[in-house]
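# Examination of the molecular architecture
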Amino acid sequence: MNIISFETLDSTNTYSKKNIETLADKTVVSADIQTNGYGRFNRSWVDLGSENIYMTFVLKPSDKISEVHANLTQYLSVILCKQFEEMGLFPQIKWPNDVLLNGKKVCGILAETVIKGNILKGIVLGIGVNLNASSENLNAIDRPATSVNIELRGKIDKQEFMQELVENFFSQYEEFLANGFVFIKKDYEKRASFLGQNLKIGVFKTIKEGLCKGVDDNGNLILLMPDGKIEKINMGEII
Ligand code: BTN
């Protein structure tokens, strides 16, 4: 296992993208502090202190883009859920890849691809886990957020948790790549908090509303729209 640890980085995703050519496949880049962490839709990812996780998987599965790459975030959300369950927690997934504890966000996942010409140089799959955050810092976040130490009422060993997460991730990674979303579909659905609910999906400035009929074999959301038509949504977030 190849984990490169830094005390401080602007962002583990930024570092990984900048150094994609020299970083080996399956390297993990972690930082104790991120000064400029970011998430989906250009939001910033707040640094909650050095006992929390900020790390990026550097992945070079092939030099061609494939559909399965878009599901890596969902694969990682399932892996994290299983790890939480081993600790006695009851995580849920909010489409596409937010992991929640007690209905509050405990982790954020962001995948970015680095492409030159039409060659895929690599995928950087970043994850931030609130592992040991204070309520005060969490309250400063503009959305409901929690942390594992708060849910379990005790400090979590960061090194142990991180090591396990990396091991768990790579234990089924090749199989997942070979089979795609269907490989995790049942595990994903089991933890999905949104099935059968009326949802509002925000995609940048538009909002779509519909009844969630499930997820398809590519991890897309299946929505029954008010006009009776079925729509498949492959990007956005539940609001
Ligand atoms: C989101 O929920 O919007 C995704 C947040 C992703 C945050 C992680 S922390 C490690 C990596 N480095 C970043 O700058 N972002 C990701």
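Residues numbered from 1 in each chain as written. Predicted model: local features only at pLDDT ≥ 70, side-chain atom pairs only at ≥ 80, totals over all residues. Heavy atoms only, no water.

Below, the discussion takes up the packing of helix 2 (residues 72-86) against helix 5 (residues 158-171). The contact between helix 2 and helix 5 brings their axes to 10 Å, and the two run at 130 degrees. Taken as axis vectors, helix 2 and helix 5 run oblique relative to one another. Of the two possible hands of crossing, helix 2 and helix 5 adopt the one that is right-handed. Of the residues in helix 5, those touching helix 2 at Leu72, Tyr75, Leu76, Ile79, Leu80, Gln83 and Phe84 are Phe161, Glu164, Leu165, Asn168 and Phe169. Residues belonging to the contact of helix 2 with helix 5 are distributed by class as follows: 9 nonpolar, 2 polar and 1 charged. (Axes fitted to C-alpha atoms, helices over the stretch in contact; angles between N-to-C directions. Helix = DSSP H or I, 4+ residues; strand = E, 2+ residues; numbered from the N terminus. Parallel < 35°, antiparallel > 145°, perpendicular 65-115°, else oblique. Left-handed = near helix turned anticlockwise from the far one by under 90°. Contact = heavy atoms within 4.5 Å. Nonpolar A, V, L, I, M, F, W, Y, C, P; charged D, E, K, R; others polar.)

To continue, consider the sheet that holds strand 1 (residues 2-9). The strand order 1-2-3-7-6-5-4 describes an open sheet built from 7 strands, whose pairing is mixed. Because the sheet does not close on itself, it has two edges, and the strands there are strand 1 and strand 4 (92-94). Sheet twist, expressed as the mean angle between neighbouring strand axes with direction ignored, is 20 degrees. Relative to strand 2 (residues 27-34), strand 1 runs parallel, the two being bridged by 7 bridges. Directly across from Ile3, in strand 2, lies its bridge partner Val28. Across the sheet, helix 2 is in contact with strand 3 (53-59), strand 4, strand 5 (98-101), strand 6 (104-116) and strand 7 (119-129); its angle to strand 7 comes to roughly 30 degrees. Sheet strands touched by helix 5: strand 1, strand 2, strand 3 and strand 7. Its angle to strand 3, the strand with the most contacts, is close to 25 degrees. (Pairing = 2+ DSSP bridges.)

On to the layout of surface pockets. Roughly 870 Å³ of volume is contained in the largest pocket. Arg40, Ala70, Ala111, Asn234 and Met235 are the residues nearest the centre of the largest pocket, which is lined by 34 residues in total. Residue assignment for the lining of the largest pocket shows that the elements contributing at least two residues are helix 2 and strand 6. Sort the elements by how many residues they give to the lining of the largest pocket and strand 6 lands first, with 6 residues. Residue composition of the lining of the largest pocket, by class: 15 nonpolar, 15 polar and 4 charged. Considered as a void within the structure, the second largest pocket measures approximately 740 Å³ in volume. For the second largest pocket, the lining is made up of 39 residues, of which Ser44, Trp45, Lys105, Gly108 and Arg143 are closest to its centre. (1 Å grid on protein atoms, 1.4 Å probe; cavity = no way out; pocket = protein on both sides within 12 Å on 5 of 7 lines; lining within 4 Å. Points joined across faces, edges and corners; volume = space filled by probe spheres on them.)

Positionally, Asn149 belongs in helix 4 (residues 148-152). Asn149 gets classed as buried once you look at its relative accessible area, which sits at 17%. Engagement of the side chain of Asn149 in a polar contact is seen with the backbone nitrogen of Ala133, the distance being 3.1 Å. At 2.5 Å, the side chain of Asn149 and the side chain of Ser147 are in polar contact. (Buried < 20%, exposed > 50% of the residue type's maximum accessible area, 1.4 Å probe, protein only. Polar contact = N/O pair within 3.5 Å; in protein donor to acceptor, adjacent residues only side chain to side chain.)

Here the focus is the packing of aromatic side chains. By the definition in use, this model includes 11 aromatic pairs. Taking 5.7 Å as the distance between ring centres and 70 degrees as the angle between the ring planes, the aromatic pair formed by Phe57 and Phe170 counts as edge-to-face. Here the residue Phe57 occupies a position in strand 3, and Phe170 occupies one in helix 5, the gap between them amounting to 113 residues. By relative accessible area, Phe57 is classed as buried at 0%. (Phe/Tyr/Trp six-rings, centres within 6.5 Å; stacked < 30°, edge-to-face > 60°.)

Moving on: the environment of Ala31. Here Ala31 is to be found in strand 2. Here Ala31 falls in the buried class, since its relative accessible area comes to 1%. Those residues in contact with Ala31, other than ones at most four positions away along the chain, are Phe6, Glu7, Leu9, Thr12, Tyr54 and Lys158.

Strand order in the open sheet formed by 5 strands is 11-10-9-8-12, with antiparallel pairing between adjacent strands. Each having just a single partner strand, strand 11 (230-233) and strand 12 (237-238) make up the two edges of the open sheet. Bridge count between strand 8 (residues 198-203) and strand 12: 2 bridges; the pairing is antiparallel. Opposite Gly202, over in strand 12, you have Glu237 as the bridge partner.

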